Structure formats: structure tokens, C-alpha cells
Amino acid sequence: MTGVRRADPVARWTAALVLVAGTCIGAFLLVAFTYYRTPLSDWVLADPGSSARRVKLVFLLPAALLLAPLLALAVYLWALGGKVIRAREFPPPGLRVIRDTPIVTGERAVSRGRLLQMLALGCGIASAVLAVLLWRFGLLLGSHAA
């Protein structure tokens, strides 16, 4: 180890803001879905001829919104792992940290970079499998609604 990367107060505030904003948005979506569940159900079932299309719309749009962050995480982790491997230093130069972090160099850093890329690959595969399962479930719901 060659030293310690000092915490960046701006990065700390940014991380806290993202966490609070994400929590508020998630809570808002849960409350909105609970409040509008009955009108949404009535809208889907209003016209039997287009119910299948409506079920797919109501189901697949939230599914896509759930998969997008997982894919974004996979891309970020892959890029971060690549930077760590190239620099042979973890955390890589230029990365702002939210707490004082010991700098790891050499083969241990490369191992962490490869681990980050394996985690990214796992997130990508999980996202793809989840997308296929949700798509098939949406098709199943659509065929039963018709």
C-alpha cells in the first residue's frame, strides 16, 4: 500500500443527495402505485379487445425502469474495473472517494479490478435473464387478458 486517498466532501454530499433522492422517488412511486391501483385496473379491463396490449404496457414499462439501473451499474463497474486494471491501483487515480480509503497497488489492485468486472458481468447476465423472464411473463399476462 502506498498511502491513503482522502475523502472528497463534494463526493460525500453528492452520494448522500443521490441516496436521499432515490429513496424519495422510490417512496413516491410506491405511494402513487398504491393510490392509482384501482383506476389503473379499471382502465386495463375497460375494453376487452385491447386489454392484452394494455397489460403489456402497464407491465413492461415498469420492468424496463427496473432493468435500466442494473444495466447502468454493470457498465459502470466494467469501466471502473478496467481503469483499476490499467492503473494497477485501487481506487484508480482521479476517482473521488466518500471516505478515507487505503490505496492498494500491484496484483492485489488488478485482482480487485477483475473482481469488479466479474461483478459487472454478473449484473449484465442477471439483467438479461430478468428481461427475458419479465418479457415472457408479460406475454403470458397478455395472452390471459385477451
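Residues numbered from 1 in each chain as written. Predicted model: local features only at pLDDT ≥ 70, side-chain atom pairs only at ≥ 80, totals over all residues. Heavy atoms only, no water.

## Details of the overall build of the protein
Each helix and strand counted, the protein has three helices and three strands in total. The N-to-C order of helical and strand elements in the protein reads β-α-α-β-β-α. For the protein, restricting intrachain contacts to residue pairs at least 6 apart in sequence, the fraction spanning at least 24 positions comes to 68%. In the form shown here, the protein has an accessible surface area of approximately 10300 Å², with 73% of it arising from carbon and sulfur atoms. (Helix = DSSP H or I, 4+ residues; strand = E, 2+ residues; numbered from the N terminus. Contact = heavy atoms within 4.5 Å. Areas by Shrake-Rupley, 256 points an atom, 1.4 Å probe, with all protein chains shown as cover.)

## Some points on the pattern of salt bridges
Tallied over the entire structure, the rule returns four salt bridges. The salt bridge involving glutamate 89 is made with arginine 5; its shortest N-O contact spans 2.9 Å. With glutamate 89 in strand 2 (residues 89-90) and arginine 5 in strand 1 (residues 3-5), the pair connects residues that are 84 residues apart, well separated along the chain. As far as the burial class goes, glutamate 89 and arginine 5 line up, both buried. One salt bridge connects arginine 96 with aspartate 8, and the closest N-O pair in it is separated by 3.5 Å. Of this pair, arginine 96 sits in the loop between strand 2 and strand 3 (101-105) while aspartate 8 sits in the loop between strand 1 and helix 1 (9-46), placing them 88 residues apart in sequence. (Salt bridge = Lys/Arg side-chain N within 4 Å of Asp/Glu carboxyl O. Buried < 20%, exposed > 50% of the residue type's maximum accessible area, 1.4 Å probe, protein only.)

## Looking at the packing of aromatic side chains
Going through the model one piece at a time under the given rule, you end up with one aromatic pair. Centre to centre, the rings of tyrosine 35 and tyrosine 36 are 4.9 Å apart; their planes meet at 90 degrees, and the pair counts as edge-to-face. (Phe/Tyr/Trp six-rings, centres within 6.5 Å; stacked < 30°, edge-to-face > 60°.)

## Quick notes on the pairing of strand 3
Examined bridge by bridge, strand 1 and strand 3 share three bridges and lie antiparallel to one another. Looking across to strand 3, one finds that glycine 3 is bridged to isoleucine 103. (Pairing = 2+ DSSP bridges.)

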